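Reading the structure
Each chain, written out:
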Amino acid sequence: MRFSAAGASTDTSAFTACFNRHVDSVRVTAYLLCRDRHRAEDLTQAAFLKLYLAWSRLDEHEHLGAYLRKVVVREFLTDRRRAWWRRESGVDEPPESPVVEPDREDRVVLWDLISALPPRQRAVLVLRFWQDLDVNDTAAALGCTPGTVKSQTSKALAALRARLSEGRESYAR
């Protein structure tokens, strides 16, 4: 079945199959980037909306995972630059508290440290070490050169090592 939406003709069954195949991976990547479940859902929705609008122009449907990953990373980095992101708004209820399992304390500490990194460095670490992409695929997802990926990876890992050693010294005192 074909129909027109926003000027594009889309095969809904193929798009639905693509969505079902990639939604979990995209959602996890988005969450690892922003560390906020609701924001990750927004990033995931934005990525699939862009894919839907571009569906009729895409020829190589076997590379959609890379395309979606690139869109999520770019949406994350773009949203971080927008002024409204920095505004605070009042809420009626306090935010949800994450459930932290005691045996995963190291992971929580590490993710707190990763969350403190600049967005681009965080994106490089998520793509390289969580998504297990090589330097060239990470560069393609971020829209930069492989050299930039290498330098951002090096800077991010150096910052994590420094913060971890600072934490150990403070515990030793």
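What you see is a predicted model; the values in this text were computed from it and never measured.

1. Concerning the overall build of the chain
- Regarding its fold elements, the chain presents seven helices and two strands.
- When the helices and strands of the chain are placed in sequence order, the string is β-β-α-α-α-α-α-α-α.
- Here the chain holds 173 residues, and the buried ones make up 35% of them.
- Across the chain, the fraction of contacts at a sequence separation of at least 24, relative to all contacts at a separation of at least 6, is 62%.
- When the accessible surface of the chain is split by element, carbon and sulfur atoms take 51% of a total near 11300 Å².

2. Quick word on helix α2 (residues 37-54)
- Between the first and last C-alpha of α2 there are 26 Å, a value that for 18 residues agrees with the 26 Å anticipated at 1.5 Å per step.
- The set of residues buried in α2 consists of R39, A40, L43, T44, A46, A47, F48, L51, Y52 and A54.
- Of the residues flanking the start of α2, the one acting as N-cap is D36, its side-chain oxygen 2.8 Å from the backbone nitrogen of H38.

3. Focus: the packing of aromatic side chains
- A full pass over the atoms with the stated rule returns four aromatic pairs.
- With 5.1 Å between their ring centres and 80° between their planes, F15 and Y52 make a pair best called edge-to-face. Remark: Y52 occurs in helix α2 and F15 occurs in helix α1 (residues 12-34); sequence separation between them is 37 residues.
- In this structure F15 comes out as buried when scored by relative accessible area, which is 13%.

4. A word on unusual backbone geometry
- In this structure, R35 is a non-glycine residue whose phi angle is positive, near 60°.
- Within the secondary structure layout, R35 lies in the loop between α1 and α2.
- Although it is not a glycine, D132 adopts a positive phi angle of roughly 60°.
- Assignment of secondary structure puts D132 in the loop between α5 (119-130) and α6 (135-142).

5. Thoughts on the packing of α1 against α2
- Two elements in contact, α1 and α2, have axes separated by 8 Å at closest approach and are oriented at 140°. One way to sum up the angle between α1 and α2 is to call them oblique. Crossing of α1 against α2: the hand is right-handed. Seen from α1, the contacting residues are F15, C18, F19, H22, V23, V26, R27, A30, Y31 and C34; seen from α2, they are R37, R39, A40, E41, L43, T44, A47, F48, L51 and Y52.
- In the contact of α1 with α2, the residues fall into 14 nonpolar, two polar and four charged.

6. Details of the pattern of salt bridges
- Enumeration according to the criterion identifies four salt bridges in this entry.
- A salt bridge links R39 to D42, with the nearest nitrogen and oxygen atoms 3.5 Å apart. Of the two residues, R39 and D42 both sit in helix α2, three residues apart, roughly one turn of that helix.
- On the basis of relative accessibility, which here comes to 13%, the residue R39 falls in the buried class.
- Here D42 falls in the partly exposed class, since its relative accessible area comes to 40%.
- One salt bridge in this structure joins K50 and E75, with 2.8 Å as the shortest N-O distance. Here E75 lies in helix α3 (residues 64-81) and K50 lies in helix α2, a separation of 25 residues in the sequence.
- Linked by salt bridges that have partners in common, D24, R27 and E41 make up one network.

The rules behind the values
Residues numbered from 1 in each chain as written. Predicted model: local features only at pLDDT ≥ 70, side-chain atom pairs only at ≥ 80, totals over all residues. Heavy atoms only, no water. Helix = DSSP H or I, 4+ residues; strand = E, 2+ residues; numbered from the N terminus. Buried < 20%, exposed > 50% of the residue type's maximum accessible area, 1.4 Å probe, protein only. Contact = heavy atoms within 4.5 Å. Areas by Shrake-Rupley, 256 points an atom, 1.4 Å probe, with all protein chains shown as cover. Expected span 1.5 Å × (residues − 1). Polar contact = N/O pair within 3.5 Å; in protein donor to acceptor, adjacent residues only side chain to side chain. Phe/Tyr/Trp six-rings, centres within 6.5 Å; stacked < 30°, edge-to-face > 60°. Axes fitted to C-alpha atoms, helices over the stretch in contact; angles between N-to-C directions. Parallel < 35°, antiparallel > 145°, perpendicular 65-115°, else oblique. Left-handed = near helix turned anticlockwise from the far one by under 90°. Nonpolar A, V, L, I, M, F, W, Y, C, P; charged D, E, K, R; others polar. Salt bridge = Lys/Arg side-chain N within 4 Å of Asp/Glu carboxyl O.

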